[in-house]
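# Notes for the structure review
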Amino acid sequence: MYQLIDGKKISAEIKDEVKEKVRLMKEEGKSVALAVIQVGNDPASTVYVGNKKKACAYCGIGSPNYELPEETTEEELLALIEKLNLDDSVNGILVQLPLPKHINEDKVIQSISPKKDVDGFHEKSVGALCIGSKGFVSCTPQGVIELLKRSGISIQGKHCVVVGRSNIVGKPMAMLLLRENGTVTVCHSKTENLREITKLADILVVAIGKPKFIDDTYVKEGAVVIDVGIHRDENNKLCGDVDFEKVAPHTSAITPVPGGVGPMTIAMLMSNCAKAVED
Ligand code: NDP
């Protein structure tokens, strides 16, 4: 029987730990605030922003909200970020992606002070992760590491295969597993014989953005499988990049979708906000 890795429970534990940290900080007269910027009114972004603000409220973190119209210019957005970079009452800055097409996303991300880059997307944060120095780490891959650790799954010496090499999931995931002394292989859309490689994984992390792509033929018996993907299937039900029904019986542990990696992203964002005050 496999272990179902419970992201809902673990993320709730982390948020409670952050809440307590924030309470203690407040006793010392320090407050924590995350500035949340949304440009336009993409419905999915509105849901994500709402969830982040809800988590902030739960943890006692302030979340000044900046809802900017779709027509906001790049210059206007950069000016707001500059103002928030200089505002000592703001510890973290989050710009909800995607941005409207007329705004250069990369330019905006790089304009956030690395000290307030709680999403961990700034090139300085990514560089710090690569060389093992202090900096914010992208929330989703950091959440995967917490899921493994808090489920009693050891990474050291294990062959970890990451499928996907995006800047926000795959690449930082590989670096974090390496930092935990895993032996890491990264696969992507040009990888030849993907199945042969994934079948060697003790820990398989899948972040490819293709519903139910990974079935049991890709997985070694007894492997740990972490599914980062989120999709709606043909019946409008949430599913991941892994075909859970087919894969789960062959694993020693697996994350479900929903209730696996998903809730961890916001929990780690809260944790990064608290760290922004400590540092
Ligand atoms: P991207 O689309 O940015 O990256 C997908 C990666 O998968 C690319 O590196 C791509 O390779 C690789 N890939 C695509 N097809 C294949 C294939 N057939 N075989 C092997 N590799 C392949 O996605 P993200 O990393 O942003 O997200 C991945 C998934 O995770 C999505 O489902 C997304 O919704 C979900 N997600 C979930 C989060 C959460 O909070 N749980 C947060 C962020 C993302 P190449 O580089 O060669 O193109």
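This text gives an overview of the structure that appears in the document. Just so you know, these numbers come straight off a predicted model, no measurement behind them. (Residues numbered from 1 in each chain as written. Predicted model: local features only at pLDDT ≥ 70, side-chain atom pairs only at ≥ 80, totals over all residues. Heavy atoms only, no water.)

## A word on helix α2 (residues 43-59)
- Here α2 is 17 residues long and its end C-alpha atoms lie 25 Å apart, about the 24 Å a rise of 1.5 Å per residue gives.
- For α2, the full list of buried residues reads S45, V49, K52, A55, C56 and C59. One face of α2 carries all of its buried residues, which in axial projection span an arc of 120 degrees. The exposed residues of α2 that point more than 90 degrees off its buried face are P43, V47, K54 and A57.
- Contacts from the buried residues of α2 go to α1 (7-27), β2 (34-39), β3 (65-68), β4 (92-95) and α10 (262-278).
- Trailing α2 by a residue or two, G60 shows a phi angle of about 85 degrees, which is positive. (Helix = DSSP H or I, 4+ residues; strand = E, 2+ residues; numbered from the N terminus. Expected span 1.5 Å × (residues − 1). Buried < 20%, exposed > 50% of the residue type's maximum accessible area, 1.4 Å probe, protein only. Arc of directions from axis to C-beta. Contact = heavy atoms within 4.5 Å.)

## Examining the site of the ligand
- The local shell around the ligand holds 22 residues, among which R165, S166, S189, K210 and T265 are the closest.
- S189 is positioned such that a nitrogen or oxygen atom in its side chain is 2.6 Å from an oxygen atom of the ligand.
- Residue V228 places a main-chain N or O atom 3.5 Å away from an oxygen atom belonging to the ligand.
- Bound to the protein, the ligand loses 71% of the 930 Å² it would expose on its own.
- In terms of residue class, the shell around the ligand is made up of nine nonpolar, ten polar and three charged. (Near = heavy atom within 4 Å. Polar contact = N/O pair within 3.5 Å; in protein donor to acceptor, adjacent residues only side chain to side chain. Areas by Shrake-Rupley, 256 points an atom, 1.4 Å probe, with all protein chains shown as cover. Nonpolar A, V, L, I, M, F, W, Y, C, P; charged D, E, K, R; others polar.)

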